[in-house]
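Okay, here's what each chain looks like letter by letter:
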Amino acid sequence: MDASTESLARQWLRAARHTLILTGAGVSAESGVPTFRDALTGLWARFDPEDLATEAAYREHPGLVWDWYEMRRGMVRAVAPNPAHLAIARWAAAHPGTVTLVTQNVDGLHQQAGSEHVIELHGNLFRNSWLHGCGRCDAHRTDTTHPPSCTACGALLRPAVVWFGEDLPRVALYRAQHAAEIADVCLVVGTSGLVYPAAGLPGQAKAAGAKVIVVNPQPSALDATADAVLQMSAGDCLPRLLAM
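Residues numbered from 1 in each chain as written. Predicted model: local features only at pLDDT ≥ 70, side-chain atom pairs only at ≥ 80, totals over all residues. Heavy atoms only, no water.

All right, on to the overall build of the protein then. Counting its secondary structure elements, the protein contains 10 helices and eight strands. For the protein, the C-alpha radius of gyration of 19 Å lies close to 18 Å, the compact-globule estimate for 244 residues. Seen along its three principal axes, the alpha-carbon backbone of the protein occupies a region of about 60 × 35 × 30 Å. Sequence-distant contacts, at least 24 apart, represent 68% of the contacts inside the protein between residues at least 6 apart. Each charge class in the protein was averaged separately, 19 positive and 23 negative side chains, and the resulting centres sit 5 Å apart. (Helix = DSSP H or I, 4+ residues; strand = E, 2+ residues; numbered from the N terminus. Rg over C-alpha atoms; globule rule 2.2 N^0.38 Å. Contact = heavy atoms within 4.5 Å. Lys, Arg positive; Asp, Glu negative; His and termini not counted. Charge placed at Lys NZ, Arg CZ, Asp CG, Glu CD.)

Take a look at the structure:
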């Protein structure tokens, strides 16, 4: 890391009245969480993500898709937050009310590290929702089908993640965009900058006057937007960048 760039980025962060932190798959990968495509191994190697992560796929092969997500849940349960997750949590705790953490990850590792009020743009792997339920569905009253379904209307439980072709959660996206509009600094960590609308948040923040800091070991699509680019892994960079 260039010392002068690191020093400048740290000055911006310490002076910020509000900071937006956006994290992507690279942060979780450092904990050993496989990326979306890397999870297609073994029995799942013959599938594309689009075969397993759409409503149409779930309706056609509910047991298959449910099992894939159960496998992914098991993989995530075996890992722990890394120094990047912990550094973000410490920074937010030390600056109450001034940090908004937005993540594209669905693994819950930020919460495990101690971060609160995390905005999950793509949902959460460990939560379920109903596939077009009747409004009276109760997760405690499901039958023994595979996957479970509502005893009242037969609706299937589904992973509460955003599938291909689905919109992001409206409230989460609104909160993230509002944070971008009021941020003095937007710290972007571990994302390629290719998945929208999340990838549009740094540009929105910059247009509103924020400084944009990108932390990623490889070049990203957001580098041209950034005021500072720190080409390091999140686990190496953030404990230093967010040191008290």
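If you walk through the whole model with that rule in mind, you get three aromatic pairs. For the ring pair W68 and Y69, a centre distance of 5.1 Å and an interplane angle of 70° mean the geometry is edge-to-face. The burial state of W68 is the same as that of Y69; both residues are buried. Three or more aromatic residues joined by ring pairs make a cluster, and in this case those are Y58, W68, Y69 and W163. Lying across the ring of W66, R73 places its NZ or CZ 5.5 Å from the centre. The side chain of R158 reaches across the aromatic face of W163, ending 3.7 Å from its centre. (Phe/Tyr/Trp six-rings, centres within 6.5 Å; stacked < 30°, edge-to-face > 60°. Buried < 20%, exposed > 50% of the residue type's maximum accessible area, 1.4 Å probe, protein only. Lys NZ or Arg CZ within 6 Å of the ring centre and 35° of its normal.)

What follows is about the environment of D138. Along the chain, D138 falls in the loop between β4 (123–130) and β5 (157–161). The spatial distance from the C-alpha of D138 to the C-alpha of L157 is 9.9 Å, given a sequence separation of 19 residues.

With that settled, the discussion passes to the pairing of β5. The buried fraction of β5 is high, at five of five residues. For β4 and β5, the ladder comprises four bridges, and the chain directions are antiparallel. In the sheet register, G123 faces β5, and the bridge partner there is V161. (Pairing = 2+ DSSP bridges.)

What follows is about the pairing of strand β1 (residues 19–23). Most of β1 sits out of view: five of its five residues are buried. Residues T19, I21 and T23 of β1 are buried on one face, and the alternating residues L20 and L22, pointing to the opposite face, are buried as well. Alignment of β1 against strand β2 (residues 99–103), held across five bridges, turns out to be parallel. When the sheet's bridge partners are listed, I21 is paired in β2 with L101.

Looking now at the side chain of N216. By secondary structure assignment, the location of N216 is in the loop between β7 (211–215) and β8 (228–230). A distance of 2.9 Å separates the side chain of N216 from the backbone oxygen of Q218, its partner in a polar contact. With residues near it in sequence (within four places) discarded, N216 still touches G190, T191, L230, Q231 and M232. (Polar contact = N/O pair within 3.5 Å; in protein donor to acceptor, adjacent residues only side chain to side chain.)

Below, the discussion takes up helix α10 (residues 234–241). For α10, the set of buried residues is A234, G235, C237, L238 and L241. The buried residues of α10 all sit within an arc of 165° when viewed along its axis, so they share a single face. (Arc of directions from axis to C-beta.)

For the rest of this paragraph, the subject is the nonpolar core. Nonpolar side chains tend toward joint burial in soluble globular proteins. With 26 residues, the main nonpolar core has L187, I213, V215, L238, L241 and L242 as its most contacted residues. Sequence-distant contacts of L238, defined by excluding residues within four places in its chain, comprise A84, A87, I88, L187, V189, V215 and A243. If you look at the next biggest cluster of nonpolar residues, it comprises 22 residues, including L20, L22, A205 and V212. (Core = buried A, V, L, I, M, F, W, Y, C linked by side-chain atoms within 4.5 Å.)

The subject of this paragraph is the pattern of salt bridges. Evaluation of the coordinates by the stated rule reveals eight salt bridges. Between R10 and E6 there is a salt bridge, with the nearest N and O atoms lying 2.6 Å from each other. Of the two residues, R10 and E6 both sit in helix α1 (residues 3–15), four residues apart, roughly one turn of that helix. The exposure class of E6 is buried, given its relative accessible area of 7%. (Salt bridge = Lys/Arg side-chain N within 4 Å of Asp/Glu carboxyl O.)

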